[in-house]
Structure formats: structure tokens, C-alpha cells
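# A look at the structure
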Amino acid sequence: MLIRPMTDADVAVAEEISDDAFFALDTASRLPAAPAPERRSPAQRTAWRARTRGFLASDPDGSWIAEQDGEVVGFATSFLREQVWCLATFAVRPGLQGAGIGAQVLDAAVAYGADAPRGMLAASVDPRALRRYHLAGFRLHPQLTLRGSVDRSALPVVTGVRDGGPDDAAWMDDLDRLRRGGPHGPDHERLMAAGRLVVTTDRSGYAYTNGRVLALLAARDEQAAQTLLWECLAGAEERYELSHVTSANYWAVEAALAARLDLVARGYLGLRGMAPPSPYVHHGALL
Ligand SMILES: CC(C)(COP(=O)(O)OP(=O)(O)OC[C@H]1O[C@@H](n2cnc3c(N)ncnc32)[C@H](O)[C@@H]1OP(=O)(O)O)[C@@H](O)C(=O)NCCC(=O)NCCS
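Residues numbered from 1 in each chain as written. Predicted model: local features only at pLDDT ≥ 70, side-chain atom pairs only at ≥ 80, totals over all residues. Heavy atoms only, no water.

Looking at an unreviewed UniProt entry, the chain carries the name Putative N-acetyltransferase YhbS, with the source organism given as Nocardioides kongjuensis.

Below is the structure:
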């Protein structure tokens, strides 16, 4: 087994392994009421590759490949943002899982962040992943998902928000430092390109939404956080989903249940050196 840094040339095969691994996991762990798992669309595959190339550009030593007989069989991608190390994604080719490949490639990524006082990752429900994260020193905090169609009659009138843009990045980075120990920096640009940025006019918080999912939300207090969430819910299409809600963010559960979304538990926020951030709904890969 060769463990080596990921390069641009590995990105396409890593994306295929990731799509195969998560599709197999979603199929095996599907709840009876959940929609049938889907493969990534061509647009999602392109976005995945672009995001991963972004990690290689900002953190060339953060992403690692496991190679067996000249074939890529697994990988882990990670990045540092000041005080916080984040694991973006981690997968081993289905059929080769459970044989120690993941442990080796994860160790290399974790070593990259060893000097960072804090660490974050969003874990799937795969028991193999959870075992690895626990053994790597991460504490696992259950995540809630709220999804369904929004009852518009339950939404309050929202004031004090506006669309944000690149000029807001500096204060949003300060808020990120406060909440998780590091800015989103170059990741804000990617998030802005992928959806709508809503900010409070007094700069007390921001949220990224695309009409179908809440991608990320950070705020100075729960009132600002709820205001932003109401605005995201008001712009929801037929169905809306907020995943990655820890119980430290019960303000989000209250607002989403008031809007008649359904509540389920799914996945874990893995943390070291920090408590679950609040008010904060993390992004699955950009945390
Ligand atoms: C998570 C994943 C990357 C781990 O890689 P891997 O090569 O399977 O991991 P390893 O074999 O190194 O470690 C798995 C651990 O779980 C144990 N394990 C194996 N099969 C298991 C099972 N069915 N249930 C519970 N534990 C299991 C192994 O014994 C090992 O623990 P140990 O080192 O204490 O013995 C891989 O399984 C995968 O791609 N899963 C699907 C995608 C996913 O969920 N990725 C994580 C995203 S957050």
C-alpha cells in the first residue's frame, strides 16, 4: 500500500470512488420513508472536482491517496483555516472497505492538521467511519436533519436582512473565527457562486441557501440566527432541508418545527479541541 499526496491527476478517480462509496452507503442505510438514493448529477460531479482542486491549491499537503498495485483505492481531503483543521471527505472503494486502507489514508490527513488546536468533520452513518474518527481523537456529536415542505403561514415577517456579496467577506471571516476558530476565506467565494448569500443589515450573521438546502449559517446570537433561517425558509422551493444541526443549535429546531418541517437524526459532527459551535449550522465539506 502506497500512501502519497493527492495531485490534480487523481481528482477524477477520487470523485468516482466517492460517488460509488456514498451511493453504496446511502443504499445500505436508507430509512424506509427516505427518498431513493441518487448518483451525483454531471453538474454535481463537476462541482465536486472543482472544490477538491481548490483544496489542493490552498492546502497541497492536506489531501492523501491510498494506492494499491498502481490503482487509487481510497483518499482523504483536508484543509487548514487558521486554528481549525477540517476533513472535507474520506472514502475507500466499495469492496475494499474494512481492511485497514481508510485508517492509513486518514492518519496522513490527520497528521497534516496535528498542530491545529481544533478539528472538525461531518461524519456519515458508516460505522467504519465512526470507528476511525473516534480512534483519531474526535468526539462524535449527533446531527439532526429537518426537511419537508415549508408551511408559509407559519413564517414571521422578516426585516433587517439583505443579499450579501464579496464586500461582506471580511466581517463574515471574523464571525467564522469566533464560531469555529478560522475563516472560510477562499471558501466564501465558492459558496457565493453556488447559491444566495443572505446577511443581516447589522452584520450579526450570514447564511448561504439555494432554495433547496441551507448550506451554512453563522450568527452572533440566536435571534440573528433565527431571522436568517426564517428568510431562508421564506425563499424555499417545494421542499427544503437543513442538515448538520447539533442539539447546541436548538433555535434551528424550534424555527424549522414551527415551519412544519420533519425532524430526523442523521450523521455526526466530529470535533476535537472545541464544543459544538452555536449559533452555527456547518457545511458538510467546508464545515
Ligand atoms: C469510512 C471509510 C472511508 C473507512 O475506510 P475503511 O478502509 O473501510 O476503514 P478501516 O478498514 O481502516 O477501518 C474500519 C474500522 O471499522 C471496523 N469495521 C470493519 N467493518 C465494520 C462493520 N461492518 N461495522 C463496524 N465496524 C467495522 C474495522 O475493524 C476497523 O476498525 P479497527 O481498526 O479498530 O479494527 C470506508 O468504509 C468508506 O468509504 N465508507 C463509505 C463512505 C463514508 O462513509 N465515508 C466517510 C465519510 S464521513
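Let us look at the UniProt feature "domain: N-acetyltransferase" (unreviewed entry) in the chain. Here, UniProt's "domain: N-acetyltransferase" (unreviewed entry) annotation points to residues 1-177. Taken end to end, residues 1-177 is 37% helix and 27% strand, and its two terminal C-alpha atoms sit 38 Å from one another. (UniProt positions renumbered as here; feature names shortened; annotations may be inferred. Helix = DSSP H or I, 4+ residues; strand = E, 2+ residues; numbered from the N terminus.)

On to unusual backbone geometry. With an omega of -10°, the peptide bond running from Ser-278 to Pro-279 counts as cis. The topology assignment puts Pro-279 in the loop between strand 12 (262-272) and strand 13 (280-281).

Taken as a whole, the chain is organised into domain 1 (2-116) and domain 2 (146-281). Between the C-alpha centres of domain 1 and domain 2 the distance comes to 25 Å. With 15 residues of domain 1 at the contact, the number on the domain 2 side is 11 residues. Summing both sides of the interface, domain 1 and domain 2 together bury roughly 1100 Å²; the carbon and sulfur share of this comes to 46%. It is Arg-81, Glu-82 and Val-84 in domain 1 that bury the most area against domain 2; as a group they hold 43% of the surface buried on that side. Viewed at the interface, domain 2 and domain 1 are joined by three salt bridges. The residue Asp-26 makes a salt bridge to Arg-266 at a minimum N-O spacing of 4.0 Å. The interface formed by domain 1 and domain 2 includes six residue pairs in polar contact (both at pLDDT 80 or more). Mapped onto the side of domain 1 that touches domain 2, the elements with two or more residues apiece are helix 2 (42-58), strand 3 (71-81) and strand 4 (84-92). (Domains from an automatic or database assignment. Contact = heavy atoms within 4.5 Å. Buried area = accessible area lost by both parts, 1.4 Å probe. Salt bridge = Lys/Arg side-chain N within 4 Å of Asp/Glu carboxyl O. Polar contact = N/O pair within 3.5 Å; in protein donor to acceptor, adjacent residues only side chain to side chain.)

Our next topic: the packing of helix 7 (residues 222-234) against helix 8 (residues 250-258). Two numbers describe how helix 7 lies on helix 8: the axes approach to 10 Å, and their chain directions differ by 35°. Viewed along their axes, helix 7 and helix 8 form a crossing whose handedness is right-handed. Residues Glu-222, Ala-225, Gln-226, Leu-229, Trp-230 and Leu-233 of helix 7 form the contact with helix 8, whose participating residues are Trp-251, Ala-252, Glu-254, Ala-255 and Ala-258. Considered class by class, the residues forming the contact of helix 7 with helix 8 number eight nonpolar, one polar and two charged. (Axes fitted to C-alpha atoms, helices over the stretch in contact; angles between N-to-C directions. Left-handed = near helix turned anticlockwise from the far one by under 90°. Nonpolar A, V, L, I, M, F, W, Y, C, P; charged D, E, K, R; others polar.)

Before going further, it helps to spend a moment on the sheet that holds strand 10 (residues 214-219). Judged by pairing direction, the sheet is antiparallel, and its five strands sit side by side in the order 7-8-9-10-13 without closing on themselves. Each edge of the open sheet carries a strand with a single partner, namely strand 7 (161-163) and strand 13. Note: strand 9 (residues 205-209) against strand 10, five bridges, orientation antiparallel. Residue Tyr-208 lies in a different strand from strand 10, and its bridge partner there is Leu-216. With respect to the sheet, helix 6 (residues 186-194) is in contact with strand 8 (196-200), strand 9 and strand 10, its orientation differing from that of strand 9 by roughly 50°. Relative to strand 10, helix 7 is tilted by about 155°, and along the sheet it contacts strand 7, strand 8, strand 9 and strand 10. (Pairing = 2+ DSSP bridges.)

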